[in-house]
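Examination of the molecular architecture
Chain by chain, the residues run as shown.
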Amino acid sequence: MLTHMRLLSSSKEPKFTFPVFNPDSKTSYLVKDITGLGPPPENLAISDYAFYDGAGFVTSRTDKRNIVVRMSYRPRLAEGETVQLLRRRLYNMFPKKTPILMEFISDDMPAVTIVGYVETHEPVIFSATPATDISIICPQPGFLHSIESVIALPNSEITQSPYITVSNPGDLPVGVRYELRFDRTAPDSPDDMIVYFEHLLPNGEIHRMDIENSKIISQVGARLLKDDLIIFDSRPHYRQLTLKRDVFTYNIMRSLSNRMNPTHWAMVPPGEVHKFRYGVLTPAVFAKTSAIIKLTPMYEGL
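Residues numbered from 1 in each chain as written. Predicted model: local features only at pLDDT ≥ 70, side-chain atom pairs only at ≥ 80, totals over all residues. Heavy atoms only, no water.

**Some details on the layout of surface pockets**
Of the volumes computed, that of the largest pocket is approximately 1,000 Å³. Along its surface, the largest pocket is lined by 30 residues, and Gln140, Gly142, Leu144, His237 and Met298 are the ones closest to its centre. At the level of secondary structure, the elements contributing two or more residues to the lining of the largest pocket comprise strand S8 (112-124), strand S10 (143-145), strand S13 (174-175) and strand S23 (298-299). (1 Å grid on protein atoms, 1.4 Å probe; cavity = no way out; pocket = protein on both sides within 12 Å on 5 of 7 lines; lining within 4 Å. Points joined across faces, edges and corners; volume = space filled by probe spheres on them. Helix = DSSP H or I, 4+ residues; strand = E, 2+ residues; numbered from the N terminus.)

**Re the sheet that holds strand S21 (residues 273-281)**
In spatial order, the strands read S12-S21-S15-S16; together these four strands make up an open sheet with antiparallel pairing. If you trace the sheet from one side to the other, it starts and ends with strand S12 (164-167) and strand S16 (206-212), each paired once. Within this sheet the neighbouring strands show an average axis-to-axis angle of 20°, counted without direction. (Pairing = 2+ DSSP bridges. Axes fitted to C-alpha atoms, helices over the stretch in contact; angles between N-to-C directions.)

**Some details on the pairing of S16**
For a regular strand, the rule is simple: side chains alternate between the two faces of the sheet. With five of seven residues buried, S16 lies mostly within the body of the structure. Two elements, strand S15 (residues 194-200) and S16, share seven bridges in a ladder whose sense is antiparallel. Bridging across to S16, Phe197 finds its partner in Met209. Taking the residues that link successive antiparallel strands as the turn, the S15-S16 hairpin has five residues, and the phi of Gly204 there is positive, at about 90°. (Buried < 20%, exposed > 50% of the residue type's maximum accessible area, 1.4 Å probe, protein only.)

**A short note on the nonpolar core**
Side chains of nonpolar character tend, in soluble globular proteins, to be buried together. One finds Tyr178, Phe197, Ile211, Ile230 and Leu241 to be the most contacted residues of the largest nonpolar core, which totals 30 residues. Setting aside anything within four residues of it in sequence, one finds Leu241 in contact with Phe197, Met209, Ile211, Ile230, Ile231, Phe232, Tyr250, Asn251, Ile252, Met253, Ser255 and Leu256. Of all hydrophobic cores here, the second largest spans 28 residues; its members include Ile34, Ile67, Phe94 and Met102. (Core = buried A, V, L, I, M, F, W, Y, C linked by side-chain atoms within 4.5 Å. Contact = heavy atoms within 4.5 Å.)

**A word on helix H1 (residues 83-93)**
Turning to H1, its buried residues are Leu86, Arg87, Leu90 and Met93. The buried residues of H1 occupy one face: seen down the axis, they fall within an arc of 115°. Turned more than 90 degrees away from the buried face of H1, the exposed residues are Gln84, Arg88 and Asn92. (Arc of directions from axis to C-beta.)

**Concerning the confidence of the model for the protein**
Do not read the fine detail of predicted coordinates wherever pLDDT is low. When pLDDT is averaged along the protein, the result is 81; 90% of the residues meet or exceed 70. The spread of mean pLDDT over the elements of the protein runs between strand S11 (residues 149-156), the lowest at 70, and strand S9 (residues 131-138), the highest at 91. (pLDDT = per-residue confidence, 0-100.)

**Section: the environment of Pro75**
Structurally, Pro75 is set in the loop between strand S6 (65-73) and H1. Residue Pro75 is classed as partly exposed on the basis of its relative accessible area of 27%. Residues Pro75 and Leu86, spaced eleven residues apart in sequence, show a C-alpha to C-alpha distance of 7.2 Å. Sequence-distant contacts of Pro75, defined by excluding residues within four places in its chain, comprise Glu81, Thr82, Val83 and Leu86.

**Some words on unusual backbone geometry**
In this model, Lys97 sits at a positive phi of 60°, which is unusual for a non-glycine residue. Residue placement: Lys97 occurs in the loop between H1 and strand S7 (100-106). Phi angles above zero are rare outside glycine, and Asp246 is one such case at about 55°. Locating Asp246 in the fold gives a position in the loop between strand S18 (240-245) and strand S19 (248-251). Overall, Asp246 belongs to the exposed group, its relative accessible area being 74%.

Right, dumping it as C-alpha cells:
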C-alpha cells in the first residue's frame, strides 16, 4: 500500500514528504487521493482494410503519464498557519516550468521515482474541506527504482573480462549503462586495437559492438590514454557511445567498425537474465582496465 509521497532535489535528497491516506499524521498536508499511478493509456495504430471487414493492428506506443494529486490542508493554528498560507506554500513546492522529481514509497514494493511537470493547480476554495488538485504530466511514463543496481569488475590486465550477469526485476524492458575505464595504457598503443562490448542473450545469440582505436584517433586526435572513460548507454532515451577525457566528452559513434542494428542495443526484458562482457583486441596486453554496469529497474505502474 502506498504510504508516502516525497519531492526530491536534483541530488535525490528529500525536500518535502507528504503522508498518503493517513489521518493520524501530524503534518500540515495530507494526500487525500492520487490518480494516474496505474499503467498509462496505450496509443494504438490501427489500419482499416480496403476490401475486408475489420482492421489490422500496426503498432502501439505508451502515452505520457498524467498524475493528479489531491492535497488537503490541516493548518496548525497555534503556529500561525492558515489554509491560504498552506495553499501558497504548495504553489512553491510544485512550481511550473520546472522538473519535479517525485518518489512514491509503499510497504509492499520498492520505492520508485518519476519526473514530471506541473500542468495545473486547481484549488477547491469554497468547501468545508479545502484542497488543491495538482495535475502533473510525466513525459517518460515508467516508474524507476529509487536505487540503481551497480555491478563492478575489479582492475584487470586480461584482454577479455568474464561475463557479468544482469537481471531485471522490474516489469518493463530496460537498457544498461556500461562504463569502461583505462587505468593504464602504453604510450604506443597500436592503431589497430579494438575495444568491444559483448551482449549474450538467454537464447545464446551474441551481439557485439567493436570500437576501433584508429577511428578514435581520427575523431579525438589521440589514442586511448590513461583515465579515459568509454560509456556505452543503451537506455532508449539516452542511447550514446561517448569518450570522456579530462573535462571533455566526445561522441565516438563513428568509431564503430560496423553499423549497429537498432534492435541490437542492449535491452534486458523483465524477468530475464542477460550477460555482458568487454574485451580488448591487441597484439599484446598493454592496458589495465576496470568496468561497471548500471541498471535501473522500471515499473509500468504502482
